[in-house]
Amino acid sequence: MNARTDSRRDPRYEIPIELEIPALSDTPIAADNVSASGFHIIVPYDPQNNSEVEISFKVSGMSFEKLKALKAWSQEDKERPGMYHVGLLMLMDETERKKFFEELEKQVAKNSSRA
């Protein structure tokens, strides 16, 4: 559950969050790498470059509904042809981003206390 900082704007956490993205899937999509800036997902096709999608999810019991996200990058999975790693950049103002980050931190702390 440790944060990975790399050279990114926000710390990244490896915690599971299910995303509802109707434009990409009829069923929830698991994000396995999360930051206050966005999500990493794996899907069975490559979404259009710079495509904007509506996204909903819960973190630490708080709902974030119908936010906008932008496909920032994608890469085909070398070991699973036809599957794509996709980075989604959350399009939110700094107030929303701060609230999301606070809830993300709560979820990380909660998960760490269970370990």
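As shown above, the structure is provided for reference.
All values reported here derive from a predicted model rather than from experimental measurement.

Right, let's talk about the pairing of strand S7 (residues 84–91) for a bit. Most of S7 is tucked away, with six of its eight residues classed as buried. The pairing of strand S4 (residues 38–43) with S7 spans six bridges and is antiparallel. Bridged to Gly-38 within S7 is Leu-89. When strand S6 (residues 62–76) meets S7, the two strands line up antiparallel, connected through eight bridges. Paired with Trp-73 across the bridge in S7 is Gly-87.

Turning our eyes to something else, we now look at helix H1 (residues 94–114). With 21 residues, H1 ought to run about 30 Å at 1.5 Å a step, and its terminal C-alpha atoms sit 30 Å apart, in line with that. Here H1 has its buried residues at Arg-97, Phe-100, Glu-103, Leu-104, Gln-107, Val-108 and Asn-111. Looking straight down H1, one finds its buried side chains confined to an arc of 145°; they lie on one side. When the buried face of H1 is taken as reference, the exposed residues oriented beyond 90 degrees from it are Glu-94, Thr-95, Lys-98 and Ser-113. Where the residues of H1 are buried, they touch strand S1 (17–20), strand S3 (33–34), S4, strand S5 (52–59), S6 and S7. Regarding H1, its N-cap is Asp-93, as a side-chain oxygen of that residue lies 3.1 Å from the backbone nitrogen of Thr-95 further along.

Conventions we followed
Residues numbered from 1 in each chain as written. Predicted model: local features only at pLDDT ≥ 70, side-chain atom pairs only at ≥ 80, totals over all residues. Heavy atoms only, no water. Buried < 20%, exposed > 50% of the residue type's maximum accessible area, 1.4 Å probe, protein only. Helix = DSSP H or I, 4+ residues; strand = E, 2+ residues; numbered from the N terminus. Pairing = 2+ DSSP bridges. Expected span 1.5 Å × (residues − 1). Arc of directions from axis to C-beta. Contact = heavy atoms within 4.5 Å. Polar contact = N/O pair within 3.5 Å; in protein donor to acceptor, adjacent residues only side chain to side chain.

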